[in-house]
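# Structural overview
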Amino acid sequence: MIEAFAPGKCILFGEHAVVYGHPAVAMAIDQGVHVSIKKSEEWRVGGEKFDPSKHPHISYILHEIFSYDGEPLDIKIESQLFSAAGLGSSAALSNAIGAALHKMIKPNEELDIVKLAKLGHSAEAAVQEGRASPTDTAASALGGCVVVSGEPVKGTEHIFDTELITPEGKRSWSIFKSALPEKKEGIWLILGFTGESSPTGKMVAGVADLLSRVPSKKNEMDAINEITIKGLDALSRGDFEAVGLAMDECHKHLRNLNVSSDSLDRLVEAVGPYSLGAKMTGAGGGGCMVAISRDPQRVSEQIEIAGGKPMISRIGSKGVKII
Ligand code: MEV
């Protein structure tokens, strides 16, 4: 049996804007997706007969990437992530499956993390009508703090470039890693799930529609761009107060793009007194918010009182691994 684990992620700054080439800052989180694969008499995924329409990422990776036509596989998936909640669960699944299949098909070849991140991205794009940034898959594959941008970003290490043909034209991104400050003990990320799932493809399409109907909304993208650069700078200096303020500001602009929701706003507001800052994270329209705080227990309590489900993570966990 072959096992692999890939972490989920949360976006601290730049979701949605990144689809249009602006930078985004994503952080791998402690929770993720664990996959085990073994050869079997019949195709099974998650204890049930494999239905490709229910598992488009798995189907794409098996057939389009690995051209797998070997014995049937029994694929078990254990996810600690709320699904369709903006935590990159499908990217983590793609990366974990990709890593495990790589080990099974090419046992003597070392896993190429960059290749894996690229294949995860093409799987995401294939099931999201061609609109997906490489943010989720890169953060889950590389771990730590990942910056995705159309342009070079000061103070980061360039890792790889990638591109995609989307319905709005060709998009190119560069992926960078940002070193995290040494002094980050006592600082936690707290994710709060609204309980409402949010399909990324639908939210991304909604923003595309808004921008074409109301061209001035492009200003929101530009504002998010500036906040992202400032927030990243604060993060690399270990100025978590400034990171929090930038997150608060980012949330306002995401609201103006109509991607927040009443339940997200409620959770973001509820954690205010105990956090340095908070915002929705990922596609929005439901899904999760993220707070940065020195008091994760209080923030978790506030999330529960406001009707959400909390999850606590360190800052910048490790990336995908074969176990
Ligand atoms: C989803 O986690 C983040 C979005 O920016 C979509 C993407 O980057 O593909 C909304």
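Reference entry: report on the structure contained in this document. (Residues numbered from 1 in each chain as written. Predicted model: local features only at pLDDT ≥ 70, side-chain atom pairs only at ≥ 80, totals over all residues. Heavy atoms only, no water.)

Right, let's talk about the pairing of strand E1 (residues 2–13) for a bit. Moving residue by residue along a regular strand, the side chains alternate between the two faces of the sheet. Most of E1 sits inside the fold, with eleven of its twelve residues counted as buried. Of the pairings in the sheet, the one linking E1 to strand E2 (residues 24–39) comprises ten bridges and is antiparallel in character. Bridge pairing in E2 links Ile2 to Ile37. Judged from the two bridges that link them, E1 and strand E13 (residues 321–322) form a sheet pairing that is antiparallel. When the bridges of E13 are listed, Ala4 appears paired with Ile322. (Buried < 20%, exposed > 50% of the residue type's maximum accessible area, 1.4 Å probe, protein only. Helix = DSSP H or I, 4+ residues; strand = E, 2+ residues; numbered from the N terminus. Pairing = 2+ DSSP bridges.)

Counting residues in each nonpolar core, the largest one holds 85 residues, and the members touching the most others are Phe13, Val35, Leu101, Met289 and Ile292. With eight residues, helix H2 (residues 89–105) is the single largest residue contributor to this core. Of the residues that make up this core, three or more belong to each of domain 1 (2–12 + 25–144) and domain 2 (188–313). When sequence neighbours within four positions are dropped, the list of residues in contact with Met289 reads Ile190, Leu191, Gly192, Leu264, Leu267, Val268, Val271, Ala278, Lys279, Met280, Thr281 and Ile303. If you look at the next biggest cluster of nonpolar residues, it comprises 19 residues, including Ala24, Ala132, Ala138 and Trp173. (Core = buried A, V, L, I, M, F, W, Y, C linked by side-chain atoms within 4.5 Å. Domains from an automatic or database assignment. Contact = heavy atoms within 4.5 Å.)

The next point concerns the site of the ligand. Around the ligand lies a shell of 13 residues, among which Lys9, His16, Val18, Ser133 and Asp136 are the nearest. His16 places a polar main-chain atom, nitrogen or oxygen, 2.9 Å from an oxygen atom of the ligand. Protein contacts shield 97% of the accessible area of the ligand, which totals 300 Å² for the unbound molecule. Comparing atom positions with the cavity grids shows the ligand to sit within the largest pocket. Of all elements in the fold, only E1 and helix H5 (200–213) reach the threshold of two or more residues within the shell around the ligand. A domain split of the shell around the ligand shows at least three residues from each of domain 1 (2–12 + 25–144) and domain 2 (188–313). (Near = heavy atom within 4 Å. Polar contact = N/O pair within 3.5 Å; in protein donor to acceptor, adjacent residues only side chain to side chain. Areas by Shrake-Rupley, 256 points an atom, 1.4 Å probe, with all protein chains shown as cover. 1 Å grid on protein atoms, 1.4 Å probe; cavity = no way out; pocket = protein on both sides within 12 Å on 5 of 7 lines; lining within 4 Å. Sits in = over half its atoms within 2 Å of the grid points.)

Roughly 620 Å³ of volume is contained in the largest pocket. Among the elements of the structure, E1, helix H1 (56–65), strand E5 (73–79), H2, helix H3 (113–127), helix H4 (135–142) and H5 are those that each provide at least two residues to the lining of the largest pocket. Of the residues contributing to the lining of the largest pocket, the split by class is 15 nonpolar, 15 polar and five charged. Each of domain 1 (2–12 + 25–144) and domain 2 (188–313) gives at least three residues to the lining of the largest pocket. Taken as a whole, the second largest pocket spans an internal volume of roughly 190 Å³. Residue lining of the second largest pocket: Ile65, Phe66, Gly98, His102, Lys106, Glu109, Glu110, Leu111, Asp112, Lys115, Leu116 and Leu119, and that is the complete set. Of all the elements in the fold, those that place two or more residues in the lining of the second largest pocket are H2 and H3. Per element, the largest residue contribution to the lining of the second largest pocket is three residues, and it comes from H3. (Points joined across faces, edges and corners; volume = space filled by probe spheres on them. Nonpolar A, V, L, I, M, F, W, Y, C, P; charged D, E, K, R; others polar.)

So, on to H4. Because each turn of an α-helix spans 3.6 residues, side chains separated by three or four positions in sequence point in the same direction. Of all eight residues making up H4, eight are buried, and the element is well covered by its neighbours. Residues of H4 that are buried include every one of Thr135, Asp136, Thr137, Ala138, Ala139, Ser140, Ala141 and Leu142, and no others. Immediately beyond the C-terminal end of H4, within one or two residues, lies Gly143, with a positive phi of roughly 75 degrees.

These results come straight from atomic positions and should not be treated as a statement about function.
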